[in-house]
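Survey of secondary and tertiary structure
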Amino acid sequence: MAAKLNNLDLSVMSRVGLSDAAVGVKRVRAALDAFEARMMTAMDGLGDGGTGSTELVRAIGGCSQREARRRARRAEALAQMPSVASALGEGDITAEHADALVKAAEATSAEAVDSDRRLLAEAKSLPADLAARAAGDWTHRHQRAQDREAELRRQRAMRSHRMWVDDNGMFNSHARLDPVTGARVRAILTDMTNRLYDADGGGDRARTRQHCHADAFTTAVGAEPGRPRPGSKKPDGLEPAVTDRTGAADPPPVASTPICRCQGRLGSSPRNQILVIAETGTITGVDPNGRCEIAGTGPIPRSELERLACEADLFGVLFSRSGLPLWHGRKQRTVSAQQWRVLLARDRGCVLCGTNPSYCHAHHIVAWSPPARGPTNIDNLALVCSRHHHHIHQHDLTLTRHSDGHWTTTPSSTGRSPGINHGDRPHTGPLYRSPRLGA
């Protein structure tokens with residue numbers, strides 16, 4: 001079989017033929033993953049004192065210890081979830097989908113996940129990254145409040161930070177933080193990175209974005225060359241760097257630079273602030289399982305909402321079932337801070353792949369520029385990541401939100417060929433389909 005595949009001439013195949021081959025690859029790969037899970041379960045059930053399935057898969061399959069443990073965890077869970085295992089074996093979902101459902105089962109129960117037909121149907125209809133977000137939403141709705149509290153305590157107890165020098169003499173730093181603390185750190189570093197990157201504006205940048213990430217980190221910990229640590233004074237008597245409440249040194253103020261025809265940066269902005277979204281039932285305590293999450297990070301316990309509210313600005317945003325628009329007309333192309341918060345609350349990230357909102361732009365569904373002259377209204381905006389934003393404009397695609405909350409992209413009516421990019425599938429129908437948010 002391997003020899004036949006390696007000798008197959010793909011240059012004579014059309015796009016449709018290659019797409020059909022990709023579907024076949026997906027189904028075969030999923031079937032093999034399902035078979036491996038059953039094989040590992042059978043091997044561990046022998047009880048003959050031989051090598052365990054995890055070590056055998058690592059030795060024979062050549063994967064890492066971490067990957068072998070992940071496969072073993074999947075195999076153990078799928079043995080208790082026949083519907084999910086069957087969907088994997090038939091190629092309706094991938095191993096990534098199965099792992100997301102396994103994670104949901106670990107937080108609730110295997111029976112609850114396996115018996116929920118709607119959850120499995122949603123997993124079948126979505127790419128793995130969006131399916132994982134949908135499974136996380138499902139978990140939040142089915143997990144007890146005390147379990148969420150216990151999970152956050154467990155995560156905080158696992159926090160760690162390591163420092164080492166590698167073989168190239170480079171200093172390395174690796175931190176593991178709970179989701180709430182991580183969201184705060186991410187907001188600070190992302191905002192500082194964007195401001196540093198914008199300060200280098202122009203085509204010939206002095207620093208890449210990765211350079212700016214590193215410089216933001218060194219500034220935040222007070223280790224930037226030539227600048228004092230937060231709270232200290234320089235030997236020459238100069239004042240220390242300005243800091244915010246988190247102790248992060250504030251980089252020099254810079255002018256924001258528009259990054260595309262749809263979205264200008266929002267400065268030191270709501271784009272990079274921590275946004276906590278909670279339903280009224282959660283706030284009042286009437287519905288302890290109501291929505292309560294940090295946008296781009298995930299669900300948090302109600303106690304964290306109360307703690308964060310003590311040190312935050314509070315904004316009230318009222319949504320109808322379809323979302324209450326904020327009218328902004330055509331006087332301004334870029335979104336306001338209030339509109340950005342509404343978009344984060346509604347879309348929670350890229351509507352096509354779920355990317356964190358700090359890496360997203362506000363895209364005009366009907367173009368703001370002539371001849372379309374679309375308005376800057378909430379119902380004409382959607383969050384999309386940089387990659388998909390570029391792809392939509394490059395291939396002249398139309399983004400559409402359907403009545404069930406899903407988003408799709410299709411070729412526009414101009415007849416321009418959208419082409420294929422970033423591994424996207426051909427435009428024989430809707431190109432992307434997002435999860436039904438809030439379901």
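Scroll up to find the structure.
First things first, this report covers the structure right here in the doc. The structure presented is a predicted model; accordingly, all values stated were derived computationally and were not measured.

**Here's the deal with the pattern of salt bridges**
The full count for this structure, using the stated rule, is 16 salt bridges. Between Glu36 and Arg71 there is a salt bridge; the shortest N-O distance is 3.0 Å. Placement of the pair is Glu36 in helix H2 (residues 15-44) and Arg71 in helix H4 (residues 65-78), with a sequence separation of 35 residues. By relative accessible area, Glu36 is classed as buried at 16%. In this structure, Asp99 engages Arg74 in a salt bridge whose closest nitrogen and oxygen atoms are separated by 2.8 Å. Placement of Asp99 in helix H6 (residues 95-107) and of Arg74 in helix H4 is noted, with a sequence separation of 25 residues between them. Each of the two residues, Asp99 as well as Arg74, counts as buried.

**Thoughts on the sheet that holds strand E4 (residues 292-294)**
Strand order in the open sheet formed by 3 strands is E3-E4-E5, and the pairing between neighbours is antiparallel. Of all the strands in the sheet, just strand E3 (276-278) and strand E5 (298-299) have a single pairing partner and so form its edges. Pairing geometry for E4 and E5, over 2 bridges, is antiparallel. Bridged to Ile294 within E5 is Gly298.

**As for the nonpolar core**
One finds Leu78, Met81, Val84, Leu88, Ile93, Leu101 and Val113 to be the most contacted residues of the largest nonpolar core, which totals 26 residues. If you list the elements that add at least two residues to this core, you get H2, H4, helix H5 (82-89), H6 and helix H8 (117-125). If we skip the residues at most four places from it in the chain, Leu101 touches Met81, Val84, Ile93, Val113, Leu119, Leu120 and Ala123. Within the second largest apolar cluster, 25 residues are counted, among which are Leu352, Cys353, Ile392 and Leu397.

Criteria and thresholds
- Residues numbered from 1 in each chain as written.
- Predicted model: local features only at pLDDT ≥ 70, side-chain atom pairs only at ≥ 80, totals over all residues.
- Heavy atoms only, no water.
- Salt bridge = Lys/Arg side-chain N within 4 Å of Asp/Glu carboxyl O.
- Helix = DSSP H or I, 4+ residues; strand = E, 2+ residues; numbered from the N terminus.
- Buried < 20%, exposed > 50% of the residue type's maximum accessible area, 1.4 Å probe, protein only.
- Pairing = 2+ DSSP bridges.
- Core = buried A, V, L, I, M, F, W, Y, C linked by side-chain atoms within 4.5 Å.
- Contact = heavy atoms within 4.5 Å.

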